[in-house]
Protein chains: 2
Amino acid sequence: MSKQKPTILVVNDDGITAPGIKVLLEEMQSLGKIIVVAPDSPQSGMGHAITIGKPLRIEPVTIYPDVEMYKCSGTPVDCVKLAVNKIFKGRKPDLCVSGINHGLNNSINVLYSGTMSAAVEGAIESIPSIGFSYDDHTFDADFENCRPFVREIASQVLKNGIQFGTLLNVNFPQGTIKGVKVCRQADAKWAEEFDERMDPYNRPYYWLTGKFVLNDRGEDTDVWALNHGFASLVPTQFDMTAHHAIPQLNSWSFDVK
Amino acid sequence: MSKQKPTILVVNDDGITAPGIKVLLEEMQSLGKIIVVAPDSPQSGMGHAITIGKPLRIEPVTIYPDVEMYKCSGTPVDCVKLAVNKIFKGRKPDLCVSGINHGLNNSINVLYSGTMSAAVEGAIESIPSIGFSYDDHTFDADFENCRPFVREIASQVLKNGIQFGTLLNVNFPQGTIKGVKVCRQADAKWAEEFDERMDPYNRPYYWLTGKFVLNDRGEDTDVWALNHGFASLVPTQFDMTAHHAIPQLNSWSFDVK
């Protein structure tokens, strides 16, 4: 008897009709039985938001022939929660892949990214999970060069599993991809430059814009890898404890009268 | 000449009129010059979301006499970005405090919490930052027992600073607080139990509900501390790299044809 095909949950944050998720689901079809649960509208920058003040909708849709797909009114993290609870039910998927995001989610972007937060949620559910992102935020982004790497990395995860409490953050550069580098998250931030405008009633409003500021000269970072033509692969965890800071804090005394 | 008073940014996720932020700003007034920038509506569960698809509003409001306050149309993280860029401008605050949240943000809740994400954003901006949360999610929560600890912990941070790349996640139990324990984030998750209902048009919708599942028997966790009557203090970081997983991944080969 042949081994059962793995089941794969496909999710994203750009919305269910984004070209990036089409590439991802096509590549995953060669690896297993896929189910897509994705937001019905773009959810970039939603981070690890969940919907608690209003109810959620989830409905089957037909977009690509023979692909089981559901659109969800919530955030990327809501999609994973609903998928696990209402679509997969007891039988968890063998893999959760998120993306391919139109735009990089390297470095500090892991925190703001709905794509990565969906993968983090998969990992919290003990599902081996990967977020994929590509350095082109346009709708017309050409994901061709990413395809073999997406397939290969997902195959490796299906074969080897992933260490407890971790997931993978994979980013692809434009152009020919030289290979995959295992990296750490670069120390960087966004320097905001709010774009101030006046509405017709003479009240100001602000568009969030910014400049990516790299504070890290390390050659073991995701930024370095991408700048040198490699795909970056950062093992990522959801234990946010700064374990190294515990001893120093234990030396503080909290004298409360 | 006396030393200049420290400047303190006060933010939250329950909204600018929540009782928790009133307690926090009152305690901070004894420590420095405060400026409050908080959401104009409740933003619980917003995680590290930022607003990119629509513009933001920020306006001065008078709620408490003699307190400089601004309400913001965005997420808690947007509030910190706007505060740093538009209110404090070049001169960064000496401290960023977020809360006091109505409800705990211990363990895995650090990821979903707008309160904690605001503090994380403060830390990304290299501002010593603390998130405070209390084990009572009701509007009428009685924060009295938290007050001296909030003041003491903030004073210590102003005096000692915080290790680079870290911030503090402080949670308070109900009842008498025995003291402060420095902890790690407990391994736990939410087991979802979506509450399915039918709308008047016979279409289903779902409320996100869940049960907190603790997988961690350690006595060095925030859950343990809170269950034993202590305030928990977890040093938290925004480098999400699973550094310990790097060597194993380096042994994988990514053979892409």
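Chain A appears in an unreviewed UniProt entry as 5'-nucleotidase SurE from Olivibacter domesticus. Turning to chain A, the UniProt annotation filed under Subcellular location (unreviewed entry) states: "Cytoplasm".

K.L.:
An account of the overall build of chain A is needed here, citing residue identities and associated values.
P.N.:
The helix and strand tally for chain A stands at 7 helices and 13 strands. When the backbone C-alpha atoms are referred to their principal axes, chain A occupies close to 65 × 55 × 50 Å. Counting every position in chain A, which comprises 257 residues, the buried fraction comes to 61%. For chain A, the accessible area works out to roughly 10600 Å², and carbon and sulfur atoms hold 50% of it. Considering chain A, the positive charge centre built from 24 side chains and the negative charge centre built from 30 side chains are found 6 Å apart.

K.L.:
Could you give an account of unusual backbone geometry, naming the residues involved and the relevant values?
P.N.:
Cis rather than trans, the peptide bond between A:G99 and A:I100 has omega equal to -15 degrees. Mapped onto the secondary structure, A:I100 falls in strand β5 (residues 95-102). Within the chain, A:N202 stands out as a residue other than glycine whose phi angle is a positive 65 degrees. Within the fold, A:N202 resides in the loop between β10 (195-198) and β11 (204-207). One non-glycine residue, B:D66, adopts positive backbone phi at about 65 degrees. Here B:D66 is to be found in the loop between β3 (58-61) and β4 (68-72).

K.L.:
Quick one: what's the story with the interface of chain B and chain A, residue by residue and with numbers?
P.N.:
It is common to give the size of an interface as the accessible area that goes away when the parts come together. At the junction of the two partners, chain B supplies 85 residues and chain A supplies 84 residues. Around 7700 Å² of area is buried between chain B and chain A when both sides are counted, 62% of it from carbon and sulfur atoms. For A:D199, the salt bridge identified is with B:R57, shortest N-O distance 2.9 Å. Our enumeration of links across chain B and chain A arrives at 34 residue pairs in polar contact (both at pLDDT 80 or more). Per-element accounting of the side of chain B that touches chain A gives the leading share, 7 residues, to helix α5 (residues 147-160) of chain B. A breakdown of the residues in the side of chain B that touches chain A according to their chemical character gives 43 nonpolar, 21 polar and 21 charged.

K.L.:
Just give me the short version of the UniProt feature "binding site: a divalent metal cation" (unreviewed entry) in chain A, but keep the residues and values in it.
P.N.:
Residues and elements named next belong to chain A. Sites flagged by UniProt as "binding site: a divalent metal cation" (unreviewed entry) map to D13, D14, S44 and N101. Maximum C-alpha separation among the annotated residues is 9.0 Å over a sequence range of 89 residues, consistent with a single clustered spot. Within the element layout of this structure, D13 appears in the loop between β1 (7-11) and α1 (19-29). If sequence neighbours within four positions are ignored, D13 has contacts with P39, S41, P42, Q43, S44, G45, P76, N101, S113, G114 and T115. Position of S44 among the secondary structure elements: in the loop between β2 (33-39) and β3 (58-61). On the basis of relative accessible area, S44 is assigned to the partly exposed category, the value being 30%.

K.L.:
If you had to explain helix α2 (residues 76-87) of chain A to someone new, which residues and values would you point to?
P.N.:
Residues and elements named next belong to chain A. Where burial is concerned, most of α2 is hidden: 10 out of the 12 residues are buried. Residues P76, V77, D78, C79, V80, K81, L82, A83, V84 and I87 constitute the buried set of α2. Two residues or fewer past α2, K89 is found with a positive phi of approximately 55 degrees.

K.L.:
Explain the state of the cysteines to me, and be specific about the residues and the numbers.
P.N.:
Residues and elements named next belong to chain A. Counting across every chain of the model gives 0 disulfides over all chains. The thiol sulfur of C146 is not disulfide-bonded, and the nearest other cysteine sulfur, from C183, lies at 15 Å. Here C146 falls in the buried class, since its relative accessible area comes to 0%. Its relative accessible area of 2% is what places C183 among the buried residues.

K.L.:
Describe in detail the pairing of strand β6 (residues 129-134) of chain B, supporting the description with residues and values.
P.N.:
All names here are of chain B. Among the 6 residues in β6, 6 count as buried, and that is most of the element. Taking every second residue as pointing to the same face, both faces of β6 are buried, with S129, G131 and S133 on one and I130, F132 and Y134 on the other. For strand β5 (residues 95-102) and β6, the ladder comprises 5 bridges, and the chain directions are parallel. Of the residues in β6, the one forming a bridge with S98 is G131. With 5 bridges connecting them, β6 and strand β7 (residues 166-172) associate as parallel partners. Each bridged residue has a counterpart across the sheet, and for Y134 the counterpart in β7 is F172. Handedness of the crossover is the feature at issue here: the chain leaves β6, passes through α5, returns alongside β7, and the resulting connection is left-handed.

K.L.:
If you had to explain the relation of the copies chain B and chain A to someone new, which residues and values would you point to?
P.N.:
What relates the pair of chain copies is a rotation about an axis plus a shift along that axis. Laying chain B over chain A is done by rotating through 180 degrees and shifting 0.0 Å along the axis; what remains is an RMSD of 0.0 Å. This pairing of chains is accounted for by a two-fold axis. A symmetric contact is evident, with 99% of the interface residues of chain B recurring at the interface of chain A.

K.L.:
Just give me the short version of the nonpolar core, but keep the residues and values in it.
P.N.:
In this structure, A:V37, A:L111, B:V37 and B:L111 are the most contacted members of the largest nonpolar core, which totals 70 residues. Setting aside its immediate chain neighbours within four residues, A:L111 contacts A:G47, A:M240, B:H48, B:V120, B:I124, B:F238 and B:M240. A:I8, A:I21, A:F132 and A:A154 belong to the second-largest nonpolar core, a separate cluster that totals 43 residues.

K.L.:
Go over the pattern of salt bridges with me, naming the residues and quoting the values.
P.N.:
Two side chains of opposite charge can pair, provided their charged atoms sit close to one another. This model, assessed by the stated rule, comprises 34 salt bridges over all chains. In this structure, A:E144 and A:R147 form a salt bridge, with 3.0 Å as the shortest nitrogen-oxygen distance. What makes A:R147 buried here is its relative accessible area of 15%. For the salt bridge of B:D220 with B:R184, the shortest nitrogen-to-oxygen distance reads 3.1 Å. Of this pair, B:D220 sits in the loop between β12 (210-214) and α6 (222-227) while B:R184 sits in the loop between β8 (180-182) and β9 (188-192), and the two are 36 residues apart along the sequence. In the salt-bridge network here, residues are joined through shared partners; they are A:K22, A:E26, A:E27, A:E144, A:R147 and A:R151.

What counts as what
Residues numbered from 1 in each chain as written. Chains lettered and ligands numbered in written order. Predicted model: local features only at pLDDT ≥ 70, side-chain atom pairs only at ≥ 80, totals over all residues. Heavy atoms only, no water. UniProt positions renumbered as here; feature names shortened; annotations may be inferred. Helix = DSSP H or I, 4+ residues; strand = E, 2+ residues; numbered from the N terminus. Buried < 20%, exposed > 50% of the residue type's maximum accessible area, 1.4 Å probe, protein only. Areas by Shrake-Rupley, 256 points an atom, 1.4 Å probe, with all protein chains shown as cover. Lys, Arg positive; Asp, Glu negative; His and termini not counted. Charge placed at Lys NZ, Arg CZ, Asp CG, Glu CD. Contact = heavy atoms within 4.5 Å. Buried area = accessible area lost by both parts, 1.4 Å probe. Salt bridge = Lys/Arg side-chain N within 4 Å of Asp/Glu carboxyl O. Polar contact = N/O pair within 3.5 Å; in protein donor to acceptor, adjacent residues only side chain to side chain. Nonpolar A, V, L, I, M, F, W, Y, C, P; charged D, E, K, R; others polar. Disulfide = S-S within 2.5 Å. Pairing = 2+ DSSP bridges. Right-handed = clockwise from strand over helix to strand, strands pointing away. Least-squares fit on C-alpha atoms with pLDDT ≥ 70 in both. Core = buried A, V, L, I, M, F, W, Y, C linked by side-chain atoms within 4.5 Å.

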